[in-house]
Amino acid sequence: MTLPFEVGVVVRDLELMERFYCDVVGCRVEHRSRVPESIGGPAGLGGEFAVVWLRVPSGGCVKLIVPRSGTVSAGPGPLSAGRAGLSYLTFHVDDLDPVVAALPAAGARPLSDPVVVLARGRRISFWADPEGNAVELVDARGGHPGRGHSN
């Protein structure tokens, strides 16, 4: 590998999701582009689409993708561990408390009760973003787990 990992998330409301991942999670917009049908079609991506690259503060990138048609089909609910495919995005944060406090006002909903749990010496919290994608937040305070590893 030559660059940090990137993940693409197909979204319905690009502005809403951009605000969520920038204002609450701490990503920053790095680039915006339109991918023409001449590229998106042959690549198997369904035709023309817009994409916004969000840089994750610790490295890596989340690409928010919205089809030009605006049609996005609903997939399985968040944290469907019994199915193949992407289950959730993990973000490692310095302080979980202010992020968790800001999530409800940004349109997110908790996926666990209690909202913050201790797992393997770390504080973690699972949320659905405004469009229902599962997001895991990890705060290593209180333990000494290996960095960069999810649960």
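For the structure, check the block above.
A brief look at the structure comes next. (Residues numbered from 1 in each chain as written. Predicted model: local features only at pLDDT ≥ 70, side-chain atom pairs only at ≥ 80, totals over all residues. Heavy atoms only, no water.)

Re the pairing of strand β8 (residues 122–128)
Counted residue by residue, β8 has 7 buried out of 7 residues, so it is predominantly covered. Going residue by residue along β8, you find Arg-122, Ile-124, Phe-126 and Ala-128 tucked away on one face and Arg-123, Ser-125 and Trp-127 tucked away on the opposite face as well. Of the strand pairs in this sheet, strand β7 (residues 117–119) and β8 are connected by 3 bridges, and their pairing is antiparallel. Considered in β8, the bridge of Val-117 is made with Ile-124. Between β7 and β8, which follow one another and run antiparallel, lie 2 residues, and Arg-120 among them has a positive phi close to 50°. With 6 bridges joining them, β8 and strand β9 (residues 134–139) adopt antiparallel strand pairing. Bridging across to β9, Trp-127 finds its partner in Val-135. Adjacent in sequence and paired antiparallel, β8 and β9 are bridged by 5 residues, among which Gly-132 carries a positive phi angle near 95°. (Buried < 20%, exposed > 50% of the residue type's maximum accessible area, 1.4 Å probe, protein only. Helix = DSSP H or I, 4+ residues; strand = E, 2+ residues; numbered from the N terminus. Pairing = 2+ DSSP bridges.)

A short note on the packing of aromatic side chains
Here the structure, examined in full by the defined rule, presents 3 aromatic pairs. Centre to centre, the rings of Tyr-88 and Phe-126 are 5.0 Å apart; their planes meet at 90°, and the pair counts as edge-to-face. Residue Tyr-88 is located in the loop between β4 (61–67) and β5 (89–92), and its partner Phe-126 is located in strand β8; the two are separated by 38 residues in the primary sequence. Linked through ring pairs, Phe-20, Tyr-21 and Phe-91 together constitute an aromatic cluster. (Phe/Tyr/Trp six-rings, centres within 6.5 Å; stacked < 30°, edge-to-face > 60°.)

Describing the pattern of salt bridges
Considering all chains together, one arrives at 6 salt bridges under this definition. With a closest N to O distance of 2.5 Å, Asp-97 and Arg-123 form a salt bridge. Here the residue Asp-97 occupies a position in helix α3 (residues 96–102), and Arg-123 occupies one in strand β8, the gap between them amounting to 26 residues. (Salt bridge = Lys/Arg side-chain N within 4 Å of Asp/Glu carboxyl O.)

Some details on the sheet that holds strand β1 (residues 6–10)
Strand pairing in a sheet takes place through backbone hydrogen bonds and is either antiparallel or parallel in direction. Within the open sheet, the 4 strands sit side by side as β1-β4-β3-β2. Their pairing is mixed. Two strands bound the open sheet, and with one partner strand each, they are β1 and β2 (28–35). Adjacent strand axes in the sheet meet at a mean angle of 20° when their direction is disregarded. Sheet analysis places strand β3 (residues 49–55) next to β4, joined by 7 bridges and oriented antiparallel. (Axes fitted to C-alpha atoms, helices over the stretch in contact; angles between N-to-C directions.)

Comments concerning the nonpolar core
Membership of the largest hydrophobic core comes to 29 residues, with the highest contact counts inside it found for Tyr-21, Leu-54, Val-62, Leu-64, Phe-91, Leu-103 and Leu-137. Those elements giving two or more residues to this core turn out to be β1, α1 (14–24), β3, β4, β5, α3 and β9. With 6 residues, α1 is the largest single contributor of residues to this core. Leaving out residues up to four positions away in the same chain, Leu-103 has contacts with Phe-20, Val-24, Ala-108, Trp-127 and Leu-137. (Core = buried A, V, L, I, M, F, W, Y, C linked by side-chain atoms within 4.5 Å. Contact = heavy atoms within 4.5 Å.)

Observations regarding the side chain of Ser-125
Summarising the element assignment, Ser-125 is placed in strand β8. A polar side-chain atom of Ser-125 sits 2.7 Å from the main-chain carbonyl oxygen of Val-115. The contacts of Ser-125, once residues within four sequence positions are left out, are Leu-96, Val-100, Val-115, Val-116, Val-135, Glu-136 and Leu-137. (Polar contact = N/O pair within 3.5 Å; in protein donor to acceptor, adjacent residues only side chain to side chain.)

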